[in-house]
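The residues making up each chain are set out below.
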Amino acid sequence: MLPLKDTQPTKTFPFITILLILANSLIFFDVYSNAQSSVSPSQYLASFYYKYGFVPSRLFPLNNPSTLLTFITSLFLHGSFMHLAGNMLFLWIFGNNVEDYFGHLYFTIFYLISGIFATFFQTFTMGLSSNVPIIGASGAIAGIMGAYFLLYPRSRIKTLIFIVFFITLVDIPAPVYLLIWLLMQLYEGFTSFGAASGVAFFAHIGGFLFGYLYTLILRKSKKTYYV
């Protein structure tokens, strides 16, 4: 199921969402450009991801600023163009409306905290001895999706459906689409638990749960931030 757009209008211009998309894209193309001009592109990328991605085995002790900084830098790294394109599509579809609700400043903070929580969630499922870098914006975007699930129950997602050779476009209620997405992450996460799948499914799950619960608490406090 490939989402193309949602039907929820916005009242403000989503410049933080656009800036995040630009930042992620520029960093990706810069990293890959430098890798292609190096002697060994694959070695360059592996070294770069290990340095700026979040590596669970480096978490403790918590006295290394460069390690703590990778909680943020890892959110702006992507392993392939398809990894980047998929994440940026989801960020655009769901991010502009959540930014509209939170306001620009608090949306930025929410995005980063969602990503950090998602990384923690993935870390403790991988184990603190893992040397595999965690990279990608999907945990932070999953937080946005969790917020969207609660905030816009009447929205619909225009979705491209692929069934073997049959392709069709359908409008799916946003809660249904997001629930299916979450169930897919749970299925993939638990069926590949302990295996090197290459996808941080538990970061997606953790980010989504954080975004939903944070927004639920915010709504119960009856506060909305516009900055």
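A brief look at the structure comes next.

**Considerations on the overall build of the chain**
Part 1 of the reasoning: Within the chain one finds eight helices and three strands.
Part 2 of the reasoning: Along the chain direction, N to C, the helices and strands of the chain fall in the order β-α-α-α-α-α-α-β-β-α-α.
Part 3 of the reasoning: Computed over C-alpha atoms, the radius of gyration of the chain comes to 18 Å, within 12% of the 17 Å expected from 2.2 N^0.38 for 227 residues, which places it in the range of a compact globule.
Part 4 of the reasoning: If one aligns the C-alpha atoms of the chain with their principal axes, the spans along those axes are about 50 × 50 × 35 Å.
Part 5 of the reasoning: Within the chain, contacts between residues separated by at least 24 positions form 75% of all contacts whose residues are at least 6 apart in sequence.
Part 6 of the reasoning: Taken as a whole, the chain presents about 11900 Å² of accessible surface, with 70% of it coming from carbon and sulfur.
Part 7 of the reasoning: The positive charge centre, built from 11 side chains, and the negative charge centre, built from 6, are 11 Å apart in the chain.

**Here's the deal with the pattern of salt bridges**
Part 1 of the reasoning: Under the counting rule described, the total for this entry stands at one salt bridge.
Part 2 of the reasoning: Notably, a salt bridge pairs lysine 158 with aspartate 171, separated by 3.3 Å at the nearest N-O pair. Highlighted residues: lysine 158 in strand β2 (residues 156-163) and aspartate 171 in strand β3 (residues 166-173), separated in sequence by 13 residues.
Part 3 of the reasoning: Looking at lysine 158, the relative accessible area reads 26%, which means it is partly exposed.

**Overview of the pairing of β2**
Part 1 of the reasoning: Across four bridges, strand β1 (residues 2-6) lies against β2 in antiparallel orientation. Across the sheet, proline 3 pairs through a bridge with threonine 159, a residue of β2.
Part 2 of the reasoning: Looking at chain direction, β2 and β3 are connected through eight bridges and run antiparallel. In the strand pairing of β3, isoleucine 161 is matched with threonine 168.
Part 3 of the reasoning: Hairpin remark: β2 followed by β3, antiparallel, with two residues in the connecting loop; positive phi at valine 164, about 55 degrees.

**Concerning the side chain of serine 114**
Part 1 of the reasoning: Within the secondary structure, serine 114 is located in helix α5 (residues 104-126).
Part 2 of the reasoning: Relative accessible area serves as the criterion here: at 0%, serine 114 is assigned to the buried category.
Part 3 of the reasoning: Among all residues touching serine 114, those that are not within four sequence positions of it are Gly139, Ala140, Gly143, Gly207 and Phe210.

**Some thoughts on the sheet that holds β3**
Part 1 of the reasoning: Spatial ordering of the open sheet is given by β1-β2-β3, a layout of three strands whose pairing is antiparallel. At either end of the open sheet lies a strand with only one pairing partner, and these are β1 and β3. Between one strand axis and the next, the sheet turns through 25 degrees on average, direction left out of account.
Part 2 of the reasoning: Packed onto the sheet, helix α4 (residues 81-102) meets β1 and β2 and runs at close to 30 degrees relative to β1.

**Looking at the packing of aromatic side chains**
Part 1 of the reasoning: In the structure shown here, the tally under the stated rule is 24 aromatic pairs.
Part 2 of the reasoning: Both rings, one in phenylalanine 117 and one in phenylalanine 121, keep their centres 6.2 Å apart while their planes meet at 25 degrees; by these two values the pair is stacked. With phenylalanine 117 and phenylalanine 121 both in helix α5 and four residues apart, the pair spans about one turn of that helix.
Part 3 of the reasoning: By relative accessible area, which is 34% here, phenylalanine 117 ends up partly exposed.
Part 4 of the reasoning: One residue, arginine 58, lies across the ring of tyrosine 50, its end atom 4.7 Å from the ring centre.

**Section: the environment of tryptophan 92**
Part 1 of the reasoning: Structurally, tryptophan 92 can be placed in helix α4.
Part 2 of the reasoning: Placed 72 residues apart in sequence, tryptophan 92 and leucine 20 show a C-alpha to C-alpha distance of 9.5 Å.
Part 3 of the reasoning: Discounting residues that sit within four places of it in the chain, tryptophan 92 has contacts with Pro14, Thr17, Ile18 and Ile21.

**Considerations on the environment of methionine 88**
Part 1 of the reasoning: In this structure, methionine 88 sits in helix α4.
Part 2 of the reasoning: Since its relative accessible area comes to 7%, methionine 88 is described here as buried.
Part 3 of the reasoning: Considering only alpha carbons, one finds methionine 88 and phenylalanine 107, 19 residues apart in sequence, at a separation of 16 Å.
Part 4 of the reasoning: When near neighbours in sequence (up to four residues on either side) are disregarded, methionine 88 contacts Leu20, Ile21, Asn24, Ser25, His78, Ala137 and Ile141.

Here is what the cut-offs are and how they apply
Residues numbered from 1 in each chain as written. Predicted model: local features only at pLDDT ≥ 70, side-chain atom pairs only at ≥ 80, totals over all residues. Heavy atoms only, no water. Helix = DSSP H or I, 4+ residues; strand = E, 2+ residues; numbered from the N terminus. Rg over C-alpha atoms; globule rule 2.2 N^0.38 Å. Contact = heavy atoms within 4.5 Å. Areas by Shrake-Rupley, 256 points an atom, 1.4 Å probe, with all protein chains shown as cover. Lys, Arg positive; Asp, Glu negative; His and termini not counted. Charge placed at Lys NZ, Arg CZ, Asp CG, Glu CD. Salt bridge = Lys/Arg side-chain N within 4 Å of Asp/Glu carboxyl O. Buried < 20%, exposed > 50% of the residue type's maximum accessible area, 1.4 Å probe, protein only. Pairing = 2+ DSSP bridges. Axes fitted to C-alpha atoms, helices over the stretch in contact; angles between N-to-C directions. Phe/Tyr/Trp six-rings, centres within 6.5 Å; stacked < 30°, edge-to-face > 60°. Lys NZ or Arg CZ within 6 Å of the ring centre and 35° of its normal.

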